[in-house]
Structure formats: C-alpha cells, structure tokens
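Here is how the chains run, residue by residue.
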Protein chains: 2
Amino acid sequence: MQKPSNARGTRDFGPKEMAKRTYVFNVIKNHFEQFGFQAIETPAIENLSTLTGKYGDEGDQLLFKILNSGDYLSKLNEQDFKEGSKKFTYKVSEKGLRYDLTVPFARFVSMNRNDLAFPFRRFQMQPVWRADRPQKGRYREFYQCDADIVGSNSLLNEAELITLFQSVFNSLRLKAHLVINSRKVLAGVVDVLGMSDLFVDFAVAIDKLDKIGWDAVSNELVERGFSKDHCVILADLIVFEGNNLAKIDKLRQFFNGNEQGEAGLREIEQVLDFISKNGYDNSNIIFDYRLARGLSYYTGLIFEGKAKDIPFGSIAGGGRYDNLTSDFGLPNMSGVGLSFGIERIIDVMEALSLFPDIPVSGSKVLFAYFDQEGQIQAFQYVNELRRLGIASEIYPEIAKIKKPFEFADKKKIPFVAVLGEQELAENKINLKNMRSGEQKLLTLNELIQSL
Amino acid sequence: MQKPSNARGTRDFGPKEMAKRTYVFNVIKNHFEQFGFQAIETPAIENLSTLTGKYGDEGDQLLFKILNSGDYLSKLNEQDFKEGSKKFTYKVSEKGLRYDLTVPFARFVSMNRNDLAFPFRRFQMQPVWRADRPQKGRYREFYQCDADIVGSNSLLNEAELITLFQSVFNSLRLKAHLVINSRKVLAGVVDVLGMSDLFVDFAVAIDKLDKIGWDAVSNELVERGFSKDHCVILADLIVFEGNNLAKIDKLRQFFNGNEQGEAGLREIEQVLDFISKNGYDNSNIIFDYRLARGLSYYTGLIFEGKAKDIPFGSIAGGGRYDNLTSDFGLPNMSGVGLSFGIERIIDVMEALSLFPDIPVSGSKVLFAYFDQEGQIQAFQYVNELRRLGIASEIYPEIAKIKKPFEFADKKKIPFVAVLGEQELAENKINLKNMRSGEQKLLTLNELIQSL
C-alpha cells in the first residue's frame, strides 16, 4: 500500500476545475471555428529527430525523452555508459513528448502538403510537456491553444488573428490589450545604428525591458557590443510615449528612409488600417517597438497579449514566420500564428473572478425514493427525461431520504424528485427546489414542462 | 533537411478525421453528461510507482517509461549497467505514460476521497499509451472513454451503464449488442466441478472461446488441470442455446443450490429486471455465461459490447470491481465501469458508412474580392457575420477569382460571397451557392437572413 501522489509538476482536474476549464476551452474553440480554423491533432509522442534542434539547447534539455522498449542496453557497451548522460540519452531514447504545437504542426503541413487547402487555417488544443523546474503557475504538463494560417503572405491574416484575439477576450469578458511590433522595425533600428550583425543580441536584450528596466537593458547592450552613444540614441526611442500614429511618426523620422525599418512601419500601418474596419474597440491594440519576443523563428509582425487589470505576464502571443516548415523539406511557406496561453488565462479569470456561474454537474434533477417500487419507477422516469435531453440522475441505493438530499446538495443538483408511497399511488412526483426549498406535487409531464 | 514522419504506431488527425472523431466524441460526451457523469482529467505522466504492478508483467513491459532529466547516470556505476535493461530501467526512469484511465482514476479517487460526492460518477476521455507492436487497428497512442460509478454496491448502477450503452449506440445508429455475465456465475461453475482453485485458469481459457472454439478450449482446460469428465459436463453448458431466461434456468439446475452461482444468477436477474423498465429494446442484452473477460480485477457483473453487422471484436467493455482503490490506501470502494472503445467504434462506423454528412469546415461562407477596396469591405462584412455567430472566412489575398472558388470547393464551404466593382458601388454582395451554382445579388442583411 502506497501513499498516492501526482508526478511532480502535473495536476489532476476534478469536476469543479473541469467545468471552468471546459468553459474557457469551448469559448476559444467556438471562436476558432467561427473564424474558419479547422481542428487537427498530432500525437503526444514524436521522433526525437523531429523535436531536437528546434527549441535551442535549453529546449533540447527540457524535452521529455522516452526510453526505448525491449532490451535497449544489449546494443551498447561500457564505453557508451562512460560517455555520460547527454550522449547516452540519444542511444537509449528515440522518442520524446511534444514540447509545443508549432513544430508538430510544421511537420504535419509538410507531410500533408498535397491534401490541404492553402491558405490553411488550423487550430490545435492539446497538452505539451516540458521538463522544467515546477513553480507557481508553471507546470510540466499544460495545454496550448494555437491558431495558425499558413501559405499566405497577406497581412490580412495578421488582422484576422488580432480580431480573433479581441473577439475571444470580449467573450471571456477579460480586459486585455495586444502589443504589436514588427521584427523589421527592430531590424531597422539596429540597421540605422550600423549594428545589424548584433540584431539577435539586441532582440534578446530589449525583450527584458519589462522585467529589468531600461538601465539594466542598456548595460546589457553595452556588454553585448553596443556603444554608450548607441544607448543614448536608443533611450530617446525607449522613453517616447504616444499613440500608435505618434510612435509611427517618431520612428519614421528615426529611420529616415531606412528600407527595413520603413517596410516594418508599412506593415504596422496596413494592419492597423485593416483592423480599423473590424468593428472592435481598437484602443487596445498598441504598437510598441520595444516588443521583441524571444523565439527566433519570427520574421515579421509579432504580438503579445496581456491582461489589463492584473500583472500576470503574457496571456497570448504569436507572430509571422517565413521558414517554419523548411526544416521538414517545405521551403517558402509563410505563416502567422497566435497562441492563447490557456493555463494563464484560467489563472487570470480565477484571480479576477471572471467565471460565470457554471454548473459543475449538468444534471437538472436527482430522483430519490424509499423502497424497491419507488426505485424501479424512478429508473423508468429518469430514462424518460434523458431521452428528452434533460440531464438527470437517480440515487442508486435504497437509503434514508437525507442521503440523496445531501448528495444533491454536494453535487449542486437544483431539483430532487421524491417518489414516496403516496406519490407512487397517485402517479405523481414530489419535486423539491433545492435552492428555494419549495415543493410541488407534479405528474411526469408537468415535471418535464417545469424543468 | 529530414524526411518527416510520425513516430511508429502514432497518427496525425487532419480536419477530415477530426470532424468524424469529434462527432463520435461529442455523442458519447453528451450521453455521459445526460446520465450525470462528471468530467475529470488526469495527467499523461504518472509516477511509475502508481503504474507498475497494476497491469501484470506484460503491462509493466508495455508501459512507456520516461528517462529522468539531468545527469541521471551520475548516481550509477558500471555494475548497474551490467545488470541489464530491465533493472536498469527503474534506475534511470521514475515516470511513465498513462496506460489506461482506470488506475489513474483509482489514484484520483483515493487522493480526493474527502471532496467527492459519493456515489461518484466520473467520465474521462483521454489518450493512453502502450508500447505494443503496432498493427492494423492497434496503435501506440489511442483514446479511451470511460464512465465509472464508485462508492455504491447497488446493481442499479449496472443497469445505468447498460442503459448508457444502449443510448449511445442508438444515437450513433450503430447496431450493437451487449453480452453480460457475472464473475460469480463463472465461480459457481468451477465450484460445482470442485475446481475452485483453478478459477483463474478457467477464466483465462474460457475467454478464448470466441477465438479458438470449444475443442481447443477444452484441450487447454485439460492441460490446466481439469479432467475430461469436467469437459463433458461443461460442453453441455457451452453448447446450450436459448434466451436469457432459458439460460438462467439451465444454470439454476446446474448449480443446484450452489451459493456463489445462485448469487450470480440473482444479480443477472435483478439487472435484467431493472433494464426492462428503461424504455429500450432489450433484445440486444444477452446473458452469456461463457463471457469471462481478461482483466483480473472484476468481481461481479461483466459486460462486453460488439457491433452486430461486422466482426470487429469488442467495442465496449467493463464490469464491477470491489478492490480497485485499495492499492492506493482506500479499501471497500466498490465500483462499476463501462469503457467505450472509441477508436474501434470509429473504425466500425467508417466500415459501415454510418457517419452522417459532417461538414469538415464549419464556415458557411467565404468572401472573395478583386481589389483593395473589396478586401477591406469583405473584412468588415466577415466580422459582422462572425459577431452574429455565422462562421465565415475571407480569402486573404487579392488574387484571380478562380483561386477563392477553388479554395471554397476544396474546403467544402457552401457559399462564396463576391464583392466586385459593381457590388461595391451598389452596397451589395453576389452570393453563389457552390452546390447549385445559383447566384443572388443581396444586401448584407438579406445575406444574413438567407444563411
């Protein structure tokens, strides 16, 4: 006999949590479908050759690897053992667990290129696994919810994903803003400084602005090879505040005709122009040229969504990538994606009490009785209700009447239908409203009407 | 650049497969909810201490094991390496992938015993993983769909699960029958023969009756220690055909007062009595005392469902267990469960062409246009439709008009809304029905009405 526990960093979801999670998943899923995205699912288990090298060295470390089956040591010798865990791993493991939904999607698109209707809009809502150190709000198993449009360069797709963002959070009644930028704007900035070679260093450092502030970032930029003069010039951009148009103007002056930077600004303008027609309040869409986002595969517009009323980090993110499928033999397949951080969205909604009153049990009524005759009659009734689409239950045992009432109370079933001696004799049902305490003597048809 | 592939025994599900799968999942899920079952989810990753020893030696072999993270070899020496794969595995792996939904459920119930409303009805629809040799219809990653009621001995629960079975397959329009038996009936048979010590041998052998026939089974029984006389006596039971009542009579004579056997028959009678009131055609519920079912944890009634019109093996199965949670420190928690073999159900429905005409794309209409003006107007319209709950799409690029039409055709979107120069001038939309070819010039409101 053992004391049972969950594996570290993993969670069970009981009925109460599932009711809330299902609510959020359904809202997002319905919006995906409303916008013409189609569901796909990929397996949890992927060949390590598909996964490794796609997430950087740290990502390779954080992949959960599956031990080969059978007598996997028989082909190895002591020398393999002595070479250490890192090399050994790839000799005893050929498969790993899905680390995100993007790389499996790229593999899927490449493998199914001849069957898909391009531009292909897919959504995917599945768990991913990361061997991270668990901490508050960070799990080793968590869901991702991604929408991507691949096979089209049109910036209308960016506008579509921004509209999707607005539409989802409107429905969830979660006040959120979306910060947008273009990688080309960032590239333009370093180009003007004559530092294009240090673009990645620049993006990595600037990405920390929110967390560590400008002073620390400028120190880091100097460490990475920028001059103090560069930092003075950048500071002028960094501290500038204004609306989207003012920021575009500010940068346009700064770029002074720089081709990359100009191209980035035109992208931003075009997308803002599109969304001005989408019918949503667009004051929540904020151009911010300080947004960098870590992932190196973005090539164009980038997005990051945050909750307004609580400092909870990013609740959505994404961007345009041009080369995602080329690792899998399919070049020139541009795409743009938006990922909803569903676990964090659920945490934010919990913290802000945004969940509506979701019934944990779908059952409308619980049948209770005193004896065998009542039991069989109740079984007949409960199945008649179910066939009419009314979710209902029968307490399974002949027990003291307080037992089914306690059960209904605990499970929050709104009505209890009692079949006592008198009710059975009269072909009636005593229906008790568990909230008001009100009781009514009804025929089955009257009960059906009243539910 | 690599040639991408799925890990062996795993599958991708594209939009077409997902549409069918989602249909079946939703039907089953709706029925679970109609019957008062509540959703839970458990993590894919479990501690190996939770999983091992629960599925027999073969099961332990077939568990997918996850390699520990970090420098896992540092604590080992060459001696560990020399001891071979089997022992080595448990030194480099502490976690494994979910093998079924029942053991994690038992762990969950034990851990949450103070919060749950008993009798607890839960459903769970999640993938499981088995390192089996892949073959036609057998995968290494597949979904299970389980409903269980724990914390009640009442046979009404068995009747509830049988009704659930009937109700689900009625909705799917898949003709199925459910064979039922009781472990106590089987125990009574060996008891009458004076061979109670060989109960497990008897169950294992008789379980193969469908596959290898009575001659082979009787040979196996002799090998396992039964006499030829026993087989002659058993043959009389095995060949007997008749309806449920006739079979109960036949066995009652055979048992001649044997306590276990009699108890099993009374269970069968009581359950048949209950379901006679559930409003379904019960000619598909067949008592068959030759049903044994492999899993050793069953203690009472056992079920097995099969499709009628095609020999596809079991599409559902389950039974009563008395000791499932005792491994996790919670004794005396009787339960009964039914598992829908969803992957095989999907295969059967495919083979029998039982899927209704399910739209692969939810979109009702695709907007197409010729120029920028049309594009921005289409973007405005498409978002108005979505806000009204009409799933719709916009072709993202200014392209030759045949492109969006080919796209709509491939994605089976029923209508294409064209915004040409004239339509834009008149504030109208040219709506083409993709099936009939019919075209209509409509205002946006007229279009909304017509969809």
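In the annotation of an unreviewed UniProt entry, the entry for chain A reads Histidine--tRNA ligase, and the organism field reads Aquirufa rosea. What the UniProt record of chain A gives under Subcellular location (unreviewed entry) is the line "Cytoplasm". Listed in UniProt under the heading Catalytic activity (unreviewed entry), the comment for chain A reads: "tRNA(His) + L-histidine + ATP = L-histidyl-tRNA(His) + AMP + diphosphate + H(+)".

1. Looking at the overall build of chain A
Within chain A one finds 18 helices and 16 strands. In terms of C-alpha radius of gyration, chain A reaches 29 Å, well past the compact-globule figure of 22 Å for 451 residues. Overall size of chain A, expressed as C-alpha extent along the three principal axes, is 95 × 65 × 45 Å. Looking at chain A as a whole, 58% of its 451 residues qualify as buried. Sequence separation of 24 or more characterises 68% of the internal contacts of chain A that already satisfy a separation of 6 or more. For chain A, the accessible area works out to roughly 19,300 Å², and carbon and sulfur atoms hold 47% of it. For chain A, the separation between the mean place of its 57 positive charges and that of its 60 negative charges on side chains is 4 Å.

2. Regarding the interface of chain B and chain A
Contacts between chain B and chain A engage 116 residues on the former and 116 residues on the latter. Together, the buried faces of chain B and chain A total about 9,400 Å²; carbon and sulfur atoms form 58% of this surface. At the junction of chain B with chain A, the criterion picks out six salt bridges. Across the salt bridge formed by Glu-78 of chain B and Lys-82 of chain A, the nearest N and O atoms sit 3.9 Å from each other.

3. Topic: the packing of helix α8 (residues 183-192) of chain B against helix α12 (residues 244-255) of chain B
In a pair of packed helices, the angle between the axes and the distance between the axes together describe the arrangement. Residue and element names in this part refer to chain B. At a minimum axis separation of 10 Å, α8 and α12 run at an interaxial angle of 35°. Considering how the two elements wind past one another, α8 and α12 form a crossing that is left-handed. Two secondary-structure elements touch here, α8 through Val-185, Gly-188, Val-189 and Val-192 and α12 through Leu-251, Phe-254 and Phe-255.

4. Considerations on the packing of aromatic side chains
The full count for this structure, using the stated rule, is 40 aromatic pairs over all chains. Here the aromatic cluster, defined as three or more aromatic residues joined through ring pairs, consists of Phe-32, Phe-37, Phe-123, Phe-165, Phe-169 and Phe-340 of chain A. Of note, Arg-130 of chain A hangs over the ring of Tyr-99 of chain A, and the distance from its end group to the ring centre comes to 4.1 Å. Sitting over the face of the ring of Tyr-280 of chain B, Arg-387 of chain A holds its NZ or CZ atom 4.7 Å from the ring centroid.

5. A closer look at the domain arrangement of chain A
The domain boundaries assigned to chain A delineate domain 1 (15-63 + 99-351) and domain 2 (365-450). Here the C-alpha centroids of domain 1 of chain A and domain 2 of chain A sit 52 Å apart.

6. Some details on the UniProt feature "binding site: L-histidine" (unreviewed entry) in chain A
Residue and element names in this part refer to chain A. In this numbering, the UniProt entry assigns the feature "binding site: L-histidine" (unreviewed entry) to Asp-100, Leu-101, Thr-102, Arg-130, Gln-144, Asp-148, Arg-293, Tyr-297 and Tyr-298. Here Thr-102 lies in helix α6 (residues 102-111). Every residue in contact with Thr-102, bar those within four places of it in the chain, is listed here: Asp-146, Tyr-297 and Leu-324. Apart from residues no more than four positions distant in its own chain, Asp-148 is found in contact with Phe-37, Phe-105, Phe-120, Arg-121, Arg-122, Tyr-321, Val-336 and Gly-337. A distance of 2.7 Å separates a polar atom in the side chain of Asp-148 from a polar atom in the side chain of Arg-122.

7. A closer look at the sheet that holds strand β1 (residues 38-39) of chain A
Residues and elements named next belong to chain A. One open sheet holds the eight strands; their spatial order is β1-β5-β6-β11-β10-β9-β7-β8, and the pairing between them is mixed. Here the strands that pair on one side only, and so sit at the sheet edges, are β1 and β8 (285-287). Note that strand β10 (residues 314-321) and strand β11 (residues 335-340) share six bridges and pair antiparallel. By the bridge assignment for β11, Ala-316 is matched with Phe-340.

8. Re the relation of the copies chain B and chain A
The relation between the two chain copies is a rotation about an axis coupled with a shift along that axis. For the pair chain B and chain A, the best superposition has an RMSD of 0.0 Å and corresponds to a rotation of 180° with a translation of 0.0 Å parallel to the axis. Interpreted geometrically, this transformation is the action of a two-fold axis. For chain B, the smallest separation between a C-alpha atom and the rotation axis is recorded for Ile-66 of chain B, amounting to 2.2 Å. Both copies present the same face, since 100% of the interface residues in chain B are matched by interface residues at the equivalent positions in chain A.

9. Here we look at the pairing of strand β15 (residues 429-433) of chain B
Regular strands have side chains that alternate between both faces of the sheet. All names here are of chain B. Counting buried positions along β15 yields four of five residues, so the element is predominantly enclosed. The sheet contact formed by strand β14 (residues 415-419) and β15 spans four bridges and is antiparallel. Looking at β15, one finds that Phe-415 is bridged to Asn-433. Of the pairings in the sheet, the one linking β15 to strand β16 (residues 439-442) comprises four bridges and is antiparallel in character. Bridging across to β16, Leu-431 finds its partner in Lys-440. Hairpin connection, β15 to β16: the antiparallel pair is bridged by five residues, and Gly-437 has positive phi, about 85°.

10. A few points about the packing of helix α7 (residues 156-172) of chain A against helix α13 (residues 259-275) of chain A
Residues and elements named next belong to chain A. Orientation of α7 relative to α13, taken along the N-to-C sense of each, is 55°, at an axis distance of 9 Å. Between α7 and α13, the crossing angle belongs to the class labelled oblique. Judged by the twist between their axes, the crossing of α7 over α13 is right-handed. Residue-level inspection shows Leu-156, Glu-158, Ala-159, Ile-162 and Thr-163 of α7 in contact with α13, the latter providing Val-271, Phe-274 and Ile-275.

11. A short note on the pattern of salt bridges
Residue and element names in this part refer to chain A. Per the stated rule, a full pass over the model turns up 52 salt bridges over all chains. Here Lys-20 and Glu-350 are joined by a salt bridge, their closest N and O atoms 3.0 Å apart. Linking Lys-20 in helix α1 (residues 15-34) with Glu-350 in helix α14 (residues 342-351), this pair joins segments that are 330 residues apart in sequence. Judged by relative accessible area, which is 27%, Lys-20 ranks as partly exposed.

12. Observations regarding the environment of Lys-364 of chain B
Residues and elements named next belong to chain B. Relative to the helices and strands, Lys-364 is located in the loop between α14 (342-351) and β12 (365-369). The exposure class of Lys-364 is partly exposed, given its relative accessible area of 39%. Separated by 341 residues in sequence, Lys-364 and Tyr-23 place their C-alpha atoms 18 Å apart. The contact partners of Lys-364, leaving out residues within four places of it in the chain, are Ile-390, Ala-391, Ile-413, Pro-414 and Phe-415.

13. Some thoughts on unusual backbone geometry
Between Phe-118 of chain A and Pro-119 of chain A the backbone carries a cis peptide bond, its omega angle lying at -5°. Relative to the elements of secondary structure, Pro-119 of chain A occurs in the loop between α6 and β5 (120-129). Residue Ser-353 of chain A is not a glycine yet carries a positive backbone phi of 55°. As for its position among the elements, Ser-353 of chain A is in the loop between α14 and β12 (365-369). Despite not being glycine, Asn-427 of chain B shows a phi value in the positive range, around 60°. Relative to the assigned elements, Asn-427 of chain B resides in the loop between α17 (421-426) and β15.

Cut-offs used in this document
- Residues numbered from 1 in each chain as written.
- Chains lettered and ligands numbered in written order.
- Predicted model: local features only at pLDDT ≥ 70, side-chain atom pairs only at ≥ 80, totals over all residues.
- Heavy atoms only, no water.
- UniProt positions renumbered as here; feature names shortened; annotations may be inferred.
- Helix = DSSP H or I, 4+ residues; strand = E, 2+ residues; numbered from the N terminus.
- Rg over C-alpha atoms; globule rule 2.2 N^0.38 Å.
- Buried < 20%, exposed > 50% of the residue type's maximum accessible area, 1.4 Å probe, protein only.
- Contact = heavy atoms within 4.5 Å.
- Areas by Shrake-Rupley, 256 points an atom, 1.4 Å probe, with all protein chains shown as cover.
- Lys, Arg positive; Asp, Glu negative; His and termini not counted.
- Charge placed at Lys NZ, Arg CZ, Asp CG, Glu CD.
- Buried area = accessible area lost by both parts, 1.4 Å probe.
- Salt bridge = Lys/Arg side-chain N within 4 Å of Asp/Glu carboxyl O.
- Axes fitted to C-alpha atoms, helices over the stretch in contact; angles between N-to-C directions.
- Left-handed = near helix turned anticlockwise from the far one by under 90°.
- Phe/Tyr/Trp six-rings, centres within 6.5 Å; stacked < 30°, edge-to-face > 60°.
- Lys NZ or Arg CZ within 6 Å of the ring centre and 35° of its normal.
- Domains from an automatic or database assignment.
- Polar contact = N/O pair within 3.5 Å; in protein donor to acceptor, adjacent residues only side chain to side chain.
- Pairing = 2+ DSSP bridges.
- Least-squares fit on C-alpha atoms with pLDDT ≥ 70 in both.
- Parallel < 35°, antiparallel > 145°, perpendicular 65-115°, else oblique.

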